[in-house]
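An overview of the molecular structure
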Amino acid sequence: RHGSIVFVVSTTGDGDPPDTAQKFVRKIKNKSLPHNHFFHLHYALLALGDTNYANFCNGGKTIDSRLQQLGAKHFYATGHADDGTGLEVVVDPWIEGLWDALKKTFSSMATSDQQDTDLSDCTQDNFHKNASGQEKNKSDLEVDLHLLKLSETDSQKGKAITSDSIDVETLSTVLAASLKQSVPPLSESALNVPALPASYLEVCLEQVSTEGETVPSDKDSYHEVSISKAVQLTQDDAVKTAISLELDISEQNLAYQPGDAFDILCPNRASEVKELLLRLDLQTQKNGAVQVNLLKNSSKKAAKIPLHIPQNGSLQFILTWCLEIRSAPKKAFVRALADFTQNSSEKRRLLELCSKDGSADYNSFVRDANVCLLDLLRAFPSCLPPLSLLFEHLPKLQPRAYSAASSSLQHPGKVNFVFNVVEFPARPEHPARTGLCTGWLAGHVSSILRPLGTVPASERLGTSALPKVHVRPRPSSTFHLPADPSVPVVMVGPGTGVAPFIGFLQQREKEREANQEATFGEMWLFFGCRHKDKDFLFREELERFAHNGTLSNLIVCFSRDEPDAAGTVNRPTYVQHNLSLHAKNVASILLKDKGSLYVCGDAKNMAKDVNDTLLEIIGNELQIDKLDAMKTVAGLREEKRYLQDIWS
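Residues numbered from 1 in each chain as written. Predicted model: local features only at pLDDT ≥ 70, side-chain atom pairs only at ≥ 80, totals over all residues. Heavy atoms only, no water.

Under an unreviewed UniProt entry, the chain has the name Methionine synthase reductase and belongs to Sinocyclocheilus rhinocerous.

Written out as structure tokens, the structure is:
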């Protein structure tokens, strides 16, 4: 019999399907399956991904292409949703169009169970189309909404708002949208609001005070280590503050390779936990033991108590170590919060923000503004959610991963990290604040933090006085130096992206000292920062590597320094510009010498720009078009010779 299935597939790792799909993927990849194995199957597939990373939506694409090879047919166009611009930009119209497509395919199957149907244009290139088939992206939607604000008929005044007739009062109303307030047409629309998510948890607070733990229940996989050194690598007037930490891992005997990372446990801010407890009127019960049970009559299927919420932990402990209270609330959470909001205008605004009609406002004032639960509770004073709602919707507080910026050959028993203290300036939606982990680390090491080139405070402190942190090794499967030391290497790491390459270079320096007769491939580093005298990270060490031959070429650019007295024309601003200037060498290393390219740092801008530059370099060198250049670059990725350690 014919059947219809809807697949929703995310992407993880290096473009892999999620863990829950691995068994299914292995089965359908079985080469013994006949080409018509799924001839009876009609399906629709929604792939989820993020264009900030390589292999966009590859989890879904892998399943999609294999189903096609086995004879399955689309009954609805495949959707590719991009978390880089907002999943809902594609997901909402895709879901809206799905229902009509399902009706048609069911109707067709009822007419003839043997008849193959092709009910829609199902090419692989229409993943950014809305239900009416029009190309849409985030910027298009924002432009459309802006035009609507200036041209829709004002029903209350009975006149069209046009650029000719706009007055100051109207203009101020039109432009006054905010987290708390909407404007026409949204404020006058009948909303398409998502269904209220089913409640499934029951939370009880015992009056008995708990002793409580001080770190999460999965601490067994972590090691408590001392931070033996903390150095500020940037000048005080630099745009960003970069800090290097040295951790003493000698007693734990933790092995790592340059290119590996370490997870660090960090708590939520004590001040934010306290404010949240006060806001929920739970301050007096903060030490009470928490019991979590499943609601007996919940309509939520396969409901489970979240594993990251421990039974009998204190409420303060759970809000401090277990829940990501800084995460931007998903639309389903906003929808649920609306039902616990007493003021009608506040409730209406929350419903707007979670509605399909209010997607642009949600993106602007919640998602892109890094608004968290506490910000919403400040903005909507009559909202008083129960504790169970927080436990249902707040995700697990995840550890933060930092690349090792050292080699154990050069620093036995130690591992170094480097990070920028992330700053979120004050905005109408929230006060100024620092990144959750980077801000906490900066405060945590304030007693031993020293400027570059000064005596370590740790020499004046006893070991017991040193700050401590819980870490867990996070080995990389691929981001390591080539096994063959004669293979040449190109490293691209602006800003703190240079961190793993410091480890690479320390490793290579020691290997060269120990094997002076061996052949070592060239090592090129493309580094960039804003100002030569303010944020040139690891300058002395990098210049030493260049001087002693560990680094064949150190190529640095400064994006905000004025040109020197020579007045260099078209001075390279960013790392990709220097890559272009050395295109012949880069192409030769990758294409002729079978070398490796490593990229580390910002995914959203730098990694994309570097990838585009690489396509140009290879296209020009091989005299091929962009499509063939993309295939060549894809080949480098498959051979693990183009590797990325990037973050958004």
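Relative to each other, helix 18 (residues 603–622) and helix 19 (residues 626–638) sit at 110 degrees, their axes nearing to 9 Å. In terms of orientation, helix 18 and helix 19 fall into the roughly perpendicular class. Considering only the axes of helix 18 and helix 19, their crossing is right-handed. Of the residues in helix 19, those in contact with Asn611, Leu614, Leu615, Ile618, Gly619 and Leu622 of helix 18 are Lys626, Ala629, Met630, Thr632, Val633, Leu636 and Arg637. Looking at the contact of helix 18 with helix 19 residue by residue, the class counts come to 8 nonpolar, 3 polar and 2 charged. (Axes fitted to C-alpha atoms, helices over the stretch in contact; angles between N-to-C directions. Helix = DSSP H or I, 4+ residues; strand = E, 2+ residues; numbered from the N terminus. Parallel < 35°, antiparallel > 145°, perpendicular 65-115°, else oblique. Left-handed = near helix turned anticlockwise from the far one by under 90°. Contact = heavy atoms within 4.5 Å. Nonpolar A, V, L, I, M, F, W, Y, C, P; charged D, E, K, R; others polar.)

In total, this model carries 25 salt bridges according to the counting rule given. In this structure, arginine 367 and aspartate 83 form a salt bridge, with 3.3 Å as the shortest nitrogen-oxygen distance. Placement of the pair is arginine 367 in helix 10 (residues 359–367) and aspartate 83 in the loop between strand 4 (79–82) and helix 3 (88–111), with a sequence separation of 284 residues. Judged by relative accessible area, which is 32%, aspartate 83 ranks as partly exposed. Taking the shortest distance from any N to any O, the salt bridge between glutamate 246 and lysine 414 comes out at 3.5 Å. Highlighted residues: glutamate 246 in strand 9 (residues 242–248) and lysine 414 in strand 13 (residues 414–420), separated in sequence by 168 residues. Each of Glu275, Asp375, Arg378 and Arg433 takes part in a single network of salt bridges with overlapping partners. (Salt bridge = Lys/Arg side-chain N within 4 Å of Asp/Glu carboxyl O. Buried < 20%, exposed > 50% of the residue type's maximum accessible area, 1.4 Å probe, protein only.)

Here we take up the side chain of threonine 234. Considering the arrangement of structural elements, one finds threonine 234 in the loop between strand 8 (223–232) and strand 9. A polar contact is formed between the side chain of threonine 234 and the backbone nitrogen of alanine 242, at a distance of 3.1 Å. Contact partners of threonine 234, with chain neighbours within four places excluded, come to Lys240, Thr241, Ala242, Lys534, Asp535 and Leu537. (Polar contact = N/O pair within 3.5 Å; in protein donor to acceptor, adjacent residues only side chain to side chain.)

On to the packing of aromatic side chains, then. In total, this model carries 15 aromatic pairs according to the counting rule given. Taken together, a centroid distance of 5.7 Å and an interplanar angle of 75 degrees make the contact between tyrosine 256 and phenylalanine 262 edge-to-face. Neither residue differs from the other here; tyrosine 256 and phenylalanine 262 are each classed as buried. With a centroid separation of 6.3 Å and an interplanar angle of 20 degrees, the aromatic rings of tryptophan 524 and phenylalanine 526 are classed as stacked. Taken individually, tryptophan 524 and phenylalanine 526 each receive the classification buried, so the pair is uniform in this respect. Directly above the aromatic system of tyrosine 200 lies the positively charged group of lysine 300, at a separation of 5.1 Å from the ring centroid. Its end group placed over the ring of phenylalanine 545, arginine 544 keeps NZ or CZ at 4.9 Å from the ring centre. (Phe/Tyr/Trp six-rings, centres within 6.5 Å; stacked < 30°, edge-to-face > 60°. Lys NZ or Arg CZ within 6 Å of the ring centre and 35° of its normal.)

Glancing now at the pairing of strand 10 (residues 261–264). Neither face of strand 10 is left uncovered, since the one carrying Ala261 and Asp263 and the one carrying Phe262 and Ile264 both have all their residues buried. Across 4 bridges, the pairing between strand 10 and strand 12 (residues 400–403) is antiparallel. Pairing of phenylalanine 262 across the sheet is with tyrosine 402, part of strand 12. Strand direction decides the pairing type here: strand 10 and strand 17 (residues 468–474), joined by 4 bridges, are antiparallel. Within the sheet, the bridge partner assigned to isoleucine 264 lies in strand 17 and is valine 471. (Pairing = 2+ DSSP bridges.)

A separate point is the sheet that holds strand 18 (residues 489–492). Here we have 5 strands laid out as an open sheet, ordered 20-19-18-21-22, and parallel in their pairing. A single partner strand is all that each edge strand has here, and the edge strands are strand 20 (553–558) and strand 22 (642–647). Strand-to-strand, the axes of this sheet are offset by a mean angle of 10 degrees, without reference to chain direction. Here 6 bridges tie strand 21 (residues 596–602) to strand 22, and the two strands are oriented parallel to one another.

Bringing the packing of helix 14 (residues 499–514) against helix 15 (residues 539–548) into the picture now. In contact at an axis separation of 11 Å, helix 14 and helix 15 are set at 35 degrees when each is read in the N-to-C sense. Helix 15 is crossed by helix 14, and the crossing has left-handed handedness. Contacts from Ile502, Leu505, Gln506, Glu509 and Arg512 in helix 14 reach Glu541, Leu542, Arg544, Phe545 and Asn548 in helix 15. When the residues that make up the contact of helix 14 with helix 15 are grouped by side-chain class, the tally is 4 nonpolar, 2 polar and 4 charged.

Moving on, we come to unusual backbone geometry. Note that the residue after proline 184, namely proline 185, is joined by a cis bond; omega there is 5 degrees. You can see proline 185 is positioned in the loop between helix 5 (168–174) and strand 7 (201–209). A positive phi angle, close to 55 degrees, is found at glutamine 623, a residue other than glycine. Positionally, glutamine 623 belongs in the loop between helix 18 and helix 19. Judged by its relative accessible area of 67%, glutamine 623 is exposed.

The next point concerns the environment of phenylalanine 365. Along the chain, phenylalanine 365 turns up in helix 10. Along the chain, phenylalanine 365 and serine 178 lie 187 residues apart, while their C-alpha atoms are 6.6 Å from each other. Phenylalanine 365 has contacts with Ala177, Ser178, Leu179, Arg349, Val371 and Glu429, leaving out every residue within four places of it along the chain.

A general feature of soluble globular proteins is that nonpolar side chains tend to end up buried together. Core analysis: the biggest nonpolar cluster contains 51 residues, and Leu179, Leu276, Leu315 and Phe391 have the highest contact counts within it. In this structure, phenylalanine 391 is in contact with Leu201, Val203, Val290, Val292, Pro306, Ile309, Leu315, Ile318 and Leu323, ignoring residues within four places of it in sequence. (Core = buried A, V, L, I, M, F, W, Y, C linked by side-chain atoms within 4.5 Å.)

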